[in-house]
Amino acid sequence: MASESANYQKLILTDQAPADESLSGHREIQVLVRSLARVKEQRLIDVATSLTRHARMRQGWTTLHVIVEPLDQADLPPLGEPTHTEGDLAAWIIE
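Rules behind the numbers
Residues numbered from 1 in each chain as written. Predicted model: local features only at pLDDT ≥ 70, side-chain atom pairs only at ≥ 80, totals over all residues. Heavy atoms only, no water. Core = buried A, V, L, I, M, F, W, Y, C linked by side-chain atoms within 4.5 Å. Buried < 20%, exposed > 50% of the residue type's maximum accessible area, 1.4 Å probe, protein only. Helix = DSSP H or I, 4+ residues; strand = E, 2+ residues; numbered from the N terminus. Contact = heavy atoms within 4.5 Å. Pairing = 2+ DSSP bridges. Axes fitted to C-alpha atoms, helices over the stretch in contact; angles between N-to-C directions. Expected span 1.5 Å × (residues − 1). Bend = angle between axes of the 7 residues up to and from the residue. Salt bridge = Lys/Arg side-chain N within 4 Å of Asp/Glu carboxyl O.

Undergrad: Explain the nonpolar core to me, please; I cannot follow it from the model alone.
TA: The tendency in soluble globular proteins is for nonpolar side chains to be buried as a group. L11, L13, V31 and V33 are the most contacted members of the largest nonpolar core, which totals 13 residues. Where this core is concerned, the elements lending two or more residues are β1 (7–14), β2 (28–35), α1 (41–58) and β5 (89–94). Among the elements that make up this core, the one with the highest residue count is α1 (four residues). Every residue in contact with V33, bar those within four places of it in the chain, is listed here: N7, Y8, Q9, L11, L44, L89, A90 and A91.

Structure, rendered in structure tokens:
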């Protein structure tokens, strides 16, 4: 459920140099973070990287590149229950 006063950010995590070249361009995880107040970009990155650490390790990621994009409420996918909550932050891993 979207909150009218919340800020939404989409973080796109990619492996820029996979060990297996056939996987190039296929290693991406997207995380959507909702915050009730403005949050520094580094905190958003810390939450997203922590939340995805095990998945990235299982997939053998060798590098990590993160892009943070603001997301309008009109562009939100269906969210359901958050994958992770931390204080006033809620995070979802999205496809």
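Undergrad: Help me out: how do you make sense of the sheet that holds β2 in this one?
TA: The strands that make up a sheet are held in pairs by hydrogen bonds between backbone atoms, and each pair lies either parallel or antiparallel. Read across the open sheet, the five strands follow the order β3-β1-β2-β5-β4; overall the sheet is antiparallel. In this open sheet, the two strands that pair with only one neighbour each are β3 (65–70) and β4 (84–86). For this sheet, the mean inter-axis angle between neighbouring strands, taken without regard to orientation, is 20°. Across the face of the sheet, α1 comes into contact with β1, β2, β3, β4 and β5 while running at roughly 45° to β1.

Undergrad: Sorry if this is basic, but what is going on with α1 here?
TA: Quick reminder: α-helices carry 3.6 residues per turn. Residues three or four places apart thus point the same way. The end-to-end C-alpha separation of α1 is 26 Å, in line with the 26 Å expected for 18 residues at 1.5 Å each. Along α1, the sharpest change in direction is near 50° and occurs at T52. Taken together, the buried positions of α1 are occupied by L44, I45, V47, A48, T49, T52 and R56. Phi turns positive one or two residues past the end of α1, at G60, with a value near 75°.

Undergrad: I tried to follow the pattern of salt bridges on my own but got confused; where do I start?
TA: Where side chains of opposite charge bring their charged atoms close, a pairing between them can arise. The tally for this structure, following the rule as stated, stands at four salt bridges. Two residues, D15 and R27, come together in a salt bridge whose shortest N-O distance is 3.9 Å. Linking D15 in the loop between β1 and β2 with R27 in the loop between β1 and β2, this pair joins segments that are twelve residues apart in sequence. Taking relative accessible area as the criterion, D15 reaches 5% and is therefore assigned buried. The class of R27 is buried, set by a relative accessible area of 10%. Of the charged contacts, one joins R43 and E86 as a salt bridge, the two residues approaching to 3.8 Å between their closest N and O atoms.

Undergrad: Help me understand the environment of I93 in this model?
TA: Residue placement: I93 occurs in strand β5. I93 gets classed as partly exposed once you look at its relative accessible area, which sits at 36%. Spatially, the C-alpha atom of I93 lies 8.7 Å from that of A48, the residues being 45 residues apart in sequence. Once residues lying within four places of it in the same chain are set aside, the contact partners of I93 are I29, Q30, V31, L51, T52 and T83.

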